[in-house]
Amino acid sequence: MKTHLSVLLLLLLVVPHAFSQENDVARQSGASSYITVSPFSSLDIYAPRLRLGYIQHVAPHVKMGVDIGYGNKGIGFLSNHLGDSYRLWEIRPEFHYVLNPKARTLKYISAELFYIDQANIFSNGEYQTENGEDFRYDRARFERQKYGMHLKFGLFLNLGQKVGLNFYGGIGFRWRNSEYLDVENLESTDVFREWYSSLYDKEGRDFGPNPSFGVKFYYRL
């Protein structure tokens, strides 16, 4: 009997405290701002970069954020497609609408704009022009600009009082413009291309759909 009473008293003390902690975390999450890191962006074999972000709490249902990315050859140590002089920077402002700011795991829909500027220098390569002609060169400078927007759904999953994961996914569209400049010893050639081409294979403008999926680590302020 004493054992049962002890267990009951323990439950009466612990359970309300646990719910109180959970409610505190939920309240903190709803009104929190975040610093984010996107470590997996450095694994992109064609455009590796480091991305850091900040998300500011504005109102119970509204957060505003921005991601800034930068890449160079030192960051892309896993890629063999970076040429002689790789450089990239990007910016991604984002508007978040939080569905239920009182929930422990915040879920949101968002609209993200993005702009990417990329440059490189390649030696002994080939490319295809916008009208379908293939050329070989000794050395050339490659430039790419890409911009567009995404509509996304995501969530902030708490792993502790201050840290967690931000999962997101969505779809949007993009415009892309790629150019080869300062080309040395340009020669017409025939190139067999696989069914999947890299972003360096073709020159010209292109418009199309653009998916967005990923995960970020966050630190709650």
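Residues numbered from 1 in each chain as written. Predicted model: local features only at pLDDT ≥ 70, side-chain atom pairs only at ≥ 80, totals over all residues. Heavy atoms only, no water.

**Student:** In this structure, what is going on with the pattern of salt bridges? I would like to understand it.
**Tutor:** Pairs can form between side chains of opposite charge once their charged atoms are near each other. According to the stated counting rule, one finds 15 salt bridges in the structure shown. Note that aspartate 67 is salt-bridged to arginine 51, the shortest N-O span being 3.0 Å. In this pair, aspartate 67 is assigned in strand β3 (residues 62–72) and arginine 51 in strand β2 (residues 50–59), connecting sequence segments 16 residues apart. Both residues of the pair, aspartate 67 and arginine 51, belong to the buried class. (Salt bridge = Lys/Arg side-chain N within 4 Å of Asp/Glu carboxyl O. Helix = DSSP H or I, 4+ residues; strand = E, 2+ residues; numbered from the N terminus. Buried < 20%, exposed > 50% of the residue type's maximum accessible area, 1.4 Å probe, protein only.)

**Student:** Explanation requested: the pairing of strand β1 (residues 34–38) in the structure shown.
**Tutor:** The side chains of a regular strand alternate, residue by residue, between the two faces of the sheet. Of the two faces of β1, only one is covered, namely that formed by Tyr34, Thr36 and Ser38; the face formed by Ile35 and Val37 stays uncovered. Both β1 and β2 contribute to a ladder of five bridges, which runs antiparallel. Note that in β2 the partner of isoleucine 35 across the bridge is tyrosine 54. Sheet topology note: the β1/strand β9 (residues 204–220) ladder contains four bridges and is antiparallel. Directly across from isoleucine 35, in β9, lies its bridge partner tyrosine 219. (Pairing = 2+ DSSP bridges.)

**Student:** Whenever I open this one, the environment of methionine 64 confuses me. Can you help?
**Tutor:** Looking at where methionine 64 falls in the secondary structure, it is placed in strand β3. For the pair methionine 64 and phenylalanine 95, spaced 31 residues apart in sequence, the C-alpha separation works out to 4.9 Å. Those residues within four positions of methionine 64 in sequence are excluded, and the remaining contacts are Tyr54, Ile55, Gln56, Val58, Glu94, Phe95 and His96. (Contact = heavy atoms within 4.5 Å.)

**Student:** Help me out: how do you make sense of the packing of aromatic side chains in this one?
**Tutor:** In this description, an aromatic ring pair is defined by two values, namely the gap between the centres and the angle between the planes. For the coordinates displayed, the defined rule picks out 18 aromatic pairs. Judged by centre distance (4.5 Å) and plane angle (5 degrees), the ring pair of tyrosine 34 and phenylalanine 156 falls under stacked. Taken together, the residues tyrosine 34 in strand β1 and phenylalanine 156 in strand β6 (residues 134–158) connect sequence positions 122 residues apart. For the pair phenylalanine 122 and tyrosine 200, a centre-to-centre distance of 4.8 Å together with 65 degrees between the ring planes defines the contact as edge-to-face. Taken as a pair, phenylalanine 122 in strand β5 (residues 106–128) and tyrosine 200 in the loop between β8 (187–188) and β9 lie far apart in primary sequence, 78 residues in all. Among the aromatic side chains, those forming a connected cluster through ring pairs are Tyr46, Phe122, Tyr127, Phe135, Tyr137, Phe142, Tyr180 and Tyr200. (Phe/Tyr/Trp six-rings, centres within 6.5 Å; stacked < 30°, edge-to-face > 60°.)

**Student:** It is not clear to me how the side chain of serine 212 should be interpreted in this structure. Could you clarify?
**Tutor:** With respect to the helices and strands, the residue serine 212 is situated in strand β9. Not counting the four nearest positions on each side in its chain, serine 212 is found in contact with Glu112, His150, Lys152, Tyr168, Gly169 and Gly170.

**Student:** Would you mind going over the environment of phenylalanine 122 with me for this structure?
**Tutor:** Classification of phenylalanine 122 by relative accessible area gives buried; the value is 11%. For the pair formed by phenylalanine 122 and leucine 82, sequence separation is 40 residues and the distance between their alpha carbons is 8.1 Å. Residue contacts for phenylalanine 122: discarding those within four places in its chain leaves His81, Leu82, Gly83, Asp84, Tyr137, Asp138, Arg139, Ala140, Phe142, Tyr180 and Tyr200.

**Student:** Hey, could you run me through the confidence of the model for the chain in this one?
**Tutor:** Interpreting fine coordinate detail is not advised for predicted regions of low pLDDT. Here the chain averages 85 in pLDDT, and 84% of its residues register 70 or above. When pLDDT is averaged over each element of the chain, strand β4 (residues 87–98) comes out on top at 97 and helix α1 (residues 2–30) at the bottom at 43. Predicted confidence for residues 1–23 stays below pLDDT 50, and this span has two contacts to residues more than four positions away or in other chains. (pLDDT = per-residue confidence, 0-100.)

**Student:** When you look at the environment of leucine 106 in this model, what are you seeing that I'm missing?
**Tutor:** Its location among the elements puts leucine 106 in strand β5. Using a relative accessible area of 1% as the deciding quantity, one classes leucine 106 as buried. The spacing of leucine 106 and leucine 157 is 51 residues in sequence and 7.3 Å in space, taken between C-alpha atoms.

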